[in-house]
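Residue strings, one per chain:
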Amino acid sequence: MCGIVAYTGDQPAKGILIEGLKRLEYRGYDSSGIFIANGAPYLARAVGKVAELEHQVWNSAPEGVAGIAHTRWATHGKPSVLNAHPHGDCTGKLFLVHNGIIENYLLLKKRLLEAGHQFKSETDTEVLTHLVEAHYAGDLQAAVQKALLQVQGTFGIAVMHISQPHTVVVARRGSPIILGIGEKASLAASDASALAQHTDQVVFLEDNEMASLTPGKFSITTLDNRSVSRGTTNLDWNIESMDCGSFPHYMLKEIFEQPESVENALRGRVNHSEAVAKLGGLESVQERLLNARHLIIVSCGTSYYAGLYGRYVFETLTDLTVETELASEFRYRKLNLRQGTVVLAISQSGETADTLAALREAKRKGALVLGLVNVVGSTIARETHAGIYSHAGIEVGVASTKSFTSQLTILTLMALLIGRSRDLSYEEGHEIIRALELVPDQIREILKQAGKIRDLAEKYCHSDHFFFVGRKFQYPIALEGALKLKEIAYIHSEGYAAGEMKHGPIALIDPKFPTLALALEDGSYERVVSNMQEIRAREGKIIAITTEGNTKLGNLVDDVVYIPRTHEAVAPLLTVVPLQLFAYYCGVLLGRDVDKPRNLAKSVTVE
Ligand code: G6P
């Protein structure tokens, strides 16, 4: 969601903060702002991308060595300069940036107004700023602490006061804050990627904790004032992976990284001689896992579609009963978890509020809770009983691509691990491993068709609507293909199980409503083809993704993309790649901001 970065050290803060905001911009990008506390105190805010703010800052900001900055994804109040963070208090001496939502802000605001505070914005954050001001009596940390005890809701905050110009106070509840500690500087950010250039020593703040930062030093207490002793953790960064390199967009770079990211997801995780997966992160819970009867997968967005794939792969390779549920629904259900239930939370960011709430609910009910997460040290990774990192590398493009294929890879490995302890034979296990290990090269082959897929995008990108259809393993991919096209190109698109078309959606088909059909030569082929014939009979245009060497589609389709032959359960790792490229090129051709599509955020830390 929104991004926070704070710095106190011996270098000019403005460049460091702006660079940090650019790293975080993928989280929220409708407005941004910066406050520099020492030297001459300085505040700048701008609507739009961080580049707008940067322009102002280079022309006017002083060389102070401590400050806080924010990039916003609006929740309370439209994107505007006045609503952008940092927010100042009545004295113009105290400034605060905030991620999250203050639920009781109206009540607090009423009291503060009665006490004479004056507000300039519509935000809940400004209420928090004035609340800290109301408690301020010369000690910023004490004031922040008292204020937060009155707050209901979620927050990750950074606060400064000009009377302590080298001190930044940060706190969190439900919205991440990570400290970065260097020799002569301390930083804090809502996402570790903003720290990477400065230090590899980080400290994860837990919920209901706050920290005071001075150059090279930090101290942590809980919000109820108990001191916390915590050392730094070394994070192994790969800074290169955070730049676009020779690619015009992160999204394209990340699509092209998939051969390597799938290799990384597989690395060291396969035992060939036993035809089984080795998942070190699950060893501590192996016994409970191998005895489990029931698996519930919870996640959101693209990770939810990975979860839907998970249902098919677990059902195919194991005897578990499997459900996949949207985390935002699961968290409010009346749960009656049977004994032996495992809940698996899938999340790229590891910070999605709905997924986090769902896993906490499942934990409370006694389930074994596992995580499949990309961001190391993220909240979901830390709150689950055990889990597996997808090791896809930092994903910057807002629409998830390489994380998805890594998630599919690991779900298959997990199913293999459990399946082999039950009735899955050595031969069957071996076939899955062989298919997975071929995937990186097969994706490389598909990527060679990028030019052809661009041509298809050129032909179809002016359509107002699109269907994506598939069956069984390809059904989640149809949903993901449709989501990508919506997110990136803003084209209305719907994913359907191909067999469901005749129950309603086919009424929409006409020559201007194309369908992308996932029609691989697998167990569902004949059935998908007959669904395509129904569409063709209504003069619908069809693009098919099919298996290399399939020459039988003939006039049934207008265009075809071929993918290499593989195991039915592994094929989604391949079929999704042309759909990602198709959405990407449609977006580019329509002039969309593909890395930062409108209204979206990479990490959604509000409900
Ligand atoms: C947001 C992003 C999606 C993502 C979803 C779940 O909505 O825009 O791309 O799939 O969150 O995120 P997660 O980090 O939990 O996988």
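In this text, all values refer to a predicted model and were calculated from it rather than measured experimentally. Here the residue index of a chain counts from 1 through its sequence in written order. Where totals are concerned, whole chains, interfaces and linings use all residues; where local detail is concerned, this predicted model gives features only for residues with pLDDT of at least 70, and gives and counts side-chain atom pairs only at 80 or more. The side-chain values count all of the structure's non-hydrogen atoms but skip hydrogen atoms and water molecules.

Draft legend 1. Representation of the overall build of the protein chain. For helices the rule is a DSSP run of H or I covering at least 4 residues; for strands it is a run of E covering at least 2, with both sets numbered from the N terminus onward. When helices and strands are counted, the protein chain shows 18 helices and 27 strands. Relative to its length of 607 residues, the protein chain is compact, with a C-alpha radius of gyration of 25 Å against a globular reference of 25 Å. Counting only C-alpha atoms, the protein chain reaches 80 × 55 × 45 Å along its principal axes. Burial status follows relative accessibility: with a 1.4 Å probe on protein chains alone, a residue under 20% of its type maximum counts as buried, one over 50% as exposed, and anything between as partly exposed. Burial analysis of the protein chain (607 residues in total) assigns 61% to the buried set. Contacts: residue pairs with any heavy atoms within 4.5 Å of one another. Long-range pairs, those at least 24 residues apart, make up 71% of the contacts in the protein chain between residues at least 6 apart in sequence. Counted as positive: Lys and Arg. Counted as negative: Asp and Glu. His and the chain ends are not counted at all. Charged side chains are reduced to one point each, which is NZ for Lys, CZ for Arg, CG for Asp and CD for Glu. The centroid of the 61 positive side-chain charges in the protein chain is displaced by 3 Å from the centroid of its 69 negative side-chain charges. With the radius of gyration taken over C-alpha atoms, the globule rule is written as 2.2 Å times the number of residues to the power 0.38.

Draft legend 2. Quick look at the site of the ligand. A cutoff of 4 Å decides nearness: a residue is near a molecule or strand if any of its heavy atoms lies inside that distance of it. The full set close to the ligand counts 14 residues, and Ser303, Ser347, Gln348, Ser349 and Thr352 are the nearest of them. Any pair of nitrogen or oxygen atoms within 3.5 Å is treated as a polar contact; in protein, a donor-acceptor pairing is required on top of that, and neighbouring residues in sequence qualify only through side-chain atoms on both sides. In the model, an oxygen atom of the ligand is placed 2.6 Å from a nitrogen or oxygen of the Ser347 side chain. Within the side chain of Ser349, an N or O atom sits 2.6 Å from an oxygen atom of the ligand. Using a 1.4 Å probe, the Shrake-Rupley method yields the accessible areas, and only the shown protein chains count as cover for residues. Notes on the ligand: free accessible area 390 Å², of which the protein chains cover 90%. In terms of residues, the shell around the ligand owes the most to one element, helix α9 (residues 301-317), which gives 3 residues. For this classification, Asp, Glu, Lys and Arg are treated as charged, while Ala, Val, Leu, Ile, Met, Phe, Trp, Tyr, Cys and Pro are nonpolar and the rest, including Gly, are polar. Grouping the amino acids of the shell around the ligand by side-chain chemistry returns 4 nonpolar, 8 polar and 2 charged.

Draft legend 3. The arrangement of the domain arrangement of the protein chain in detail. Considered domain by domain, the protein chain is made up of domain 1 (3-237), domain 2 (241-446) and domain 3 (449-594). Throughout, the edges of the domains are those of an automatic or database domain assignment. Between the C-alpha centres of domain 1 and domain 3 the distance comes to 45 Å.

Draft legend 4. Quick look at the environment of Ile297. Considering the arrangement of structural elements, one finds Ile297 in strand β18 (residues 294-299). Taking the relative accessible area as the measure of exposure, Ile297 reaches 0% and is therefore buried. A C-alpha to C-alpha distance of 18 Å links Ile297 and Ala569, two positions 272 residues apart in sequence.

Draft legend 5. Inspection of the pattern of salt bridges at higher detail. The term salt bridge refers to a side-chain nitrogen of Lys or Arg lying within 4 Å of a carboxyl oxygen of Asp or Glu. Applying the stated criterion across every chain yields a total of 32 salt bridges. Among the salt bridges present, the one from Lys365 reaches Glu361, with a minimum N-O distance of 2.6 Å. Given a relative accessible area of 38%, Lys365 falls into the partly exposed group. In this structure, Asp559 and Lys459 form a salt bridge, with 2.7 Å as the shortest nitrogen-oxygen distance. Separated by 100 residues along the polypeptide, Asp559 in strand β27 (residues 559-563) and Lys459 in helix α15 (residues 450-460) bring together distant segments of the chain. Residue class for Asp559 comes out buried when judged on its relative accessible area of 16%. Via salt bridges that share partners, Arg172, Asp207, Arg360 and Glu383 belong to a single interconnected network.

Draft legend 6. Representation of the pairing of strand β22 (residues 386-389). Where burial is concerned, the two faces of β22 differ: the one with Ala386 and Ile388 is buried and the one with Gly387 and Tyr389 is not. Pairing between strands is defined by DSSP: at least two bridges between them are needed. The pairing of strand β21 (residues 368-373) with β22 spans 4 bridges and is classified as parallel. Paired with Gly371 across the bridge in β22 is Gly387.

Draft legend 7. Looking closely at the sheet that holds strand β12 (residues 209-214). Here we have 7 strands laid out as an open sheet, ordered β5-β6-β7-β8-β12-β13-β14, and antiparallel in their pairing. Two strands close off the open sheet at either side, each with one partner strand: β5 (87-88) and β14 (227-228). The pairing of β12 with strand β13 (residues 217-222) spans 6 bridges and is classified as antiparallel. Opposite Ala211, over in β13, you have Ile220 as the bridge partner.

Draft legend 8. Focus on the sheet that holds strand β3 (residues 42-47). Taken together, the 8 strands give an open sheet; going across it, the order is β3-β2-β4-β1-β10-β9-β11-β15, and neighbouring strands pair in antiparallel fashion. Since the sheet does not close on itself, it has two edges, and those belong to β3 and β15 (233-234), each with one partner. The pairing of strand β1 (residues 3-8) with strand β10 (residues 186-189) spans 4 bridges and is antiparallel. Looking across to β10, one finds that Ala6 is bridged to Ala188.

Draft legend 9. Geometry of the packing of helix α7 (residues 258-266) against helix α14 (residues 426-447). The axes used here are C-alpha line fits, helices contributing only the stretch in contact, and every angle between their N-to-C directions lies in the interval 0 to 180 degrees. Two numbers describe how α7 lies on α14: the axes approach to 8 Å, and their chain directions differ by 175 degrees. Put simply, α7 runs roughly antiparallel to α14. Contacts between α7 and α14 involve Gln258, Pro259, Glu260, Val262, Glu263 and Leu266 on the former and, on the latter, Leu436, Glu437, Val439, Pro440, Ile443, Arg444 and Leu447. Tallied by class, residues from the contact of α7 with α14 come to 8 nonpolar, 1 polar and 4 charged. Oblique is the label for any angle not under 35 degrees, not over 145, and not in the 65 to 115 range, which are roughly parallel, roughly antiparallel and roughly perpendicular in turn.

Draft legend 10. Structural detail: the nonpolar core. Throughout, nonpolar core names a set of buried Ala, Val, Leu, Ile, Met, Phe, Trp, Tyr and Cys residues whose side chains join them through atoms within 4.5 Å. Ranked by internal contacts, the top residues of the largest apolar core, which has 96 residues, are Phe314, Leu370 and Phe582. Counting contributing residues per domain, this core is built from domain 2 (241-446) and domain 3 (449-594), each supplying no fewer than three. With residues up to four places along the chain from it excluded, the contact list for Phe314 reads Leu295, Ile297, Leu320, Val322, Leu411, Met414, Ala415 and Ile418.

Draft legend 11. Spotlight on the pairing of β18. With 6 of 6 residues buried, β18 lies mostly within the body of the structure. For the handedness criterion, the strands are oriented away from the viewer, and a crossover whose path from the first strand over the helix to the second runs clockwise is classed as right-handed. Handedness of the crossover joining β18 and strand β19 (residues 321-326) through α9 is recorded here as right-handed. With 5 bridges connecting them, β18 and strand β20 (residues 341-347) associate as parallel partners. For Val298, the partnering residue across the bridge sits in β20 and is Ala345.

Draft legend 12. Focus on the side chain of Ser400. Mapped onto the elements, Ser400 comes out in the loop between β22 and α13 (402-420). There is a polar contact of 3.1 Å between the side chain of Ser400 and the side chain of Glu395. Dropping the residues within four chain positions of it, Ser400 is found in contact with Thr302, Gln348, Glu395, Glu480, Lys484 and Lys602.

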